[in-house]
Amino acid sequence: CRAREGQRRPRGLAVREHQPLTSADAGRAPRGPLGLPLLLVTLASALVSGYLSLARALGEAAVCGPSRGCETVASSEYSEVLGIPVAFLGLGLSLVLLVLAGLWWLRRERRALLVAYGLLLLATLGVAYLTYLELFVIDAICQWCVASAILMTLSLAVAAARFTVTAASENS
């Protein structure tokens, strides 16, 4: 749909030329930018929260080394939200994010990217609050919780970068 010579396109309407698919590309949807890194980080987060959930479900303390911070954190009154263990909430969130990251990477589903970004914004606020509780209220550090917080923050950074890359590519 090229404009005829002498005619101008209305401002703000961009028409993109589509590249023909090669035989190697036929039948494959384009991959979402930075989808694989987000998928890997959310998988790591699901593994960490899965381990913590398993330990909680079995009634055992997570292996935490000599600091015993994990036991202290897990037995604190802050280890549950509305009667649900925080580890279970983290596992549920990680699994949802894993599905959303997969949808973005495999199908380039923009809504999945937006939902993941929104969930990660909220989750990062929750993780910041839980980290505050560990440091200043419970007075104990759980290494698994720290790993989970780092992975959640890293997921947010990757999603934000991916969102920026996607928005920039759509505007060009």
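Bear in mind the structure is a predicted one, so any value in this text is a computation, not a measurement.

Caption draft 1: Summary view of helix H3 (residues 86-107). For H3, spanning 22 residues, the distance from its first C-alpha to its last is 31 Å, which sits close to the expected 32 Å at 1.5 Å a residue. Along H3, the residues classified as buried are Ala87, Leu93, Ser94, Leu97, Leu100, Ala101, Gly102 and Trp104. Arg108 sits one or two residues past H3 and shows a positive phi near 55°.

Caption draft 2: Expanded view of the packing of helix H1 (residues 35-57) against H3. Between H1 and H3, whose axes approach to 8 Å, the crossing angle comes to 160°. As judged from the angle between their axes, H1 and H3 are roughly antiparallel. Judged by the twist between their axes, the crossing of H1 over H3 is left-handed. Residues of the contact of H1 with H3, tallied by class, amount to 16 nonpolar, 9 polar and 1 charged.

Caption draft 3: The arrangement of the confidence of the model for the protein in detail. Looking at the protein, the pLDDT average stands at 82 and 77% of residues meet or exceed 70. Across residues 12-29, confidence stays below pLDDT 50; counting only partners more than four residues off in sequence or on other chains, it has 8 contacts.

Caption draft 4: Main features of the state of the cysteines. Applying the stated criterion to the full structure yields 1 disulfide. The residue that forms a disulfide with Cys64 is Cys70, at a sulfur-sulfur distance of 2.0 Å. Linking Cys64 and Cys70, the disulfide has an S-S dihedral of approximately 55° and is accordingly described as right-handed. Residue classification places Cys64 among the buried positions, given a relative accessible area of 13%. Of the cysteine sulfurs around Cys145, a residue in no disulfide, the closest is that of Cys142, at 3.1 Å. Under the relative-accessibility criterion, Cys145 is labelled partly exposed at 23%.

Caption draft 5: Spatial organisation of the side chain of Ser94. Residue position: Ser94 is located in helix H3. Ser94 sits in the buried class, given a relative accessible area of 1%. In contact with Ser94, not counting residues within four places along its chain, are Thr42, Ser45, Ala46, Ser49 and Met152.

Rules used in this analysis
Residues numbered from 1 in each chain as written. Predicted model: local features only at pLDDT ≥ 70, side-chain atom pairs only at ≥ 80, totals over all residues. Heavy atoms only, no water. Helix = DSSP H or I, 4+ residues; strand = E, 2+ residues; numbered from the N terminus. Expected span 1.5 Å × (residues − 1). Buried < 20%, exposed > 50% of the residue type's maximum accessible area, 1.4 Å probe, protein only. Axes fitted to C-alpha atoms, helices over the stretch in contact; angles between N-to-C directions. Parallel < 35°, antiparallel > 145°, perpendicular 65-115°, else oblique. Left-handed = near helix turned anticlockwise from the far one by under 90°. Nonpolar A, V, L, I, M, F, W, Y, C, P; charged D, E, K, R; others polar. pLDDT = per-residue confidence, 0-100. Contact = heavy atoms within 4.5 Å. Disulfide = S-S within 2.5 Å.

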